[in-house]
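Here is what each chain is made of, one letter per residue.
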Amino acid sequence: MMGGPLIGTLIVIAIAGGVTIACFVAMFVMLFRPGERDARHPKYRVLGDDR
């Protein structure tokens, strides 16, 4: 059996899933509440108030 024991596989899947979910949560937090207040930040050239 090349896959290893079932419990080890499940632990790796759980850790990888947790990291993936944490990355998505961080992405949405930074997308909707970035915290950048500098008016000269390059994102304001793209995300202007005229939309």
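Residues numbered from 1 in each chain as written. Predicted model: local features only at pLDDT ≥ 70, side-chain atom pairs only at ≥ 80, totals over all residues. Heavy atoms only, no water.

### Describing a nonpolar patch on the surface
Selection criterion: Patch membership requires over 30% relative accessible area and the absence of a salt bridge. Like charges are linked within 9 Å, and nonpolar side chains (Val, Leu, Ile, Met, Phe, Trp, Tyr) within 5 Å. Methods summary: accessible areas were calculated by the Shrake-Rupley approach with a probe of 1.4 Å, and residue burial reflects only the protein chains presented. Within this document, salt bridges are pairs made up of a side-chain nitrogen of Lys or Arg and a carboxyl oxygen of Asp or Glu, the two lying within 4 Å of each other. We count a stretch as a helix when DSSP gives it H or I for four or more residues in a row; a strand needs E for two or more, and each element gets its number in order from the N terminus. Three labels apply to residues, based on accessible area from a 1.4 Å probe with only protein chains included: buried if under 20% of the type maximum, exposed if over 50%, partly exposed otherwise in between.
Side chains of L6, I7, L10, I11, I13, I15 and V19 sit close together on the surface and give an oily, nonpolar patch of about 710 Å² of accessible area. Mapped onto the elements of the fold, L6 is located in helix α1 (residues 6-32). Since its relative accessible area comes to 61%, L6 is described here as exposed.

### Observations concerning the pattern of salt bridges
Tallied over the full model, the rule gives 1 salt bridge. For the salt bridge of D38 with R40, the shortest nitrogen-to-oxygen distance reads 3.8 Å. With relative accessibility at 35%, the residue D38 sits in the partly exposed group.

Treat this as a map of the structure, not an account of what it does.
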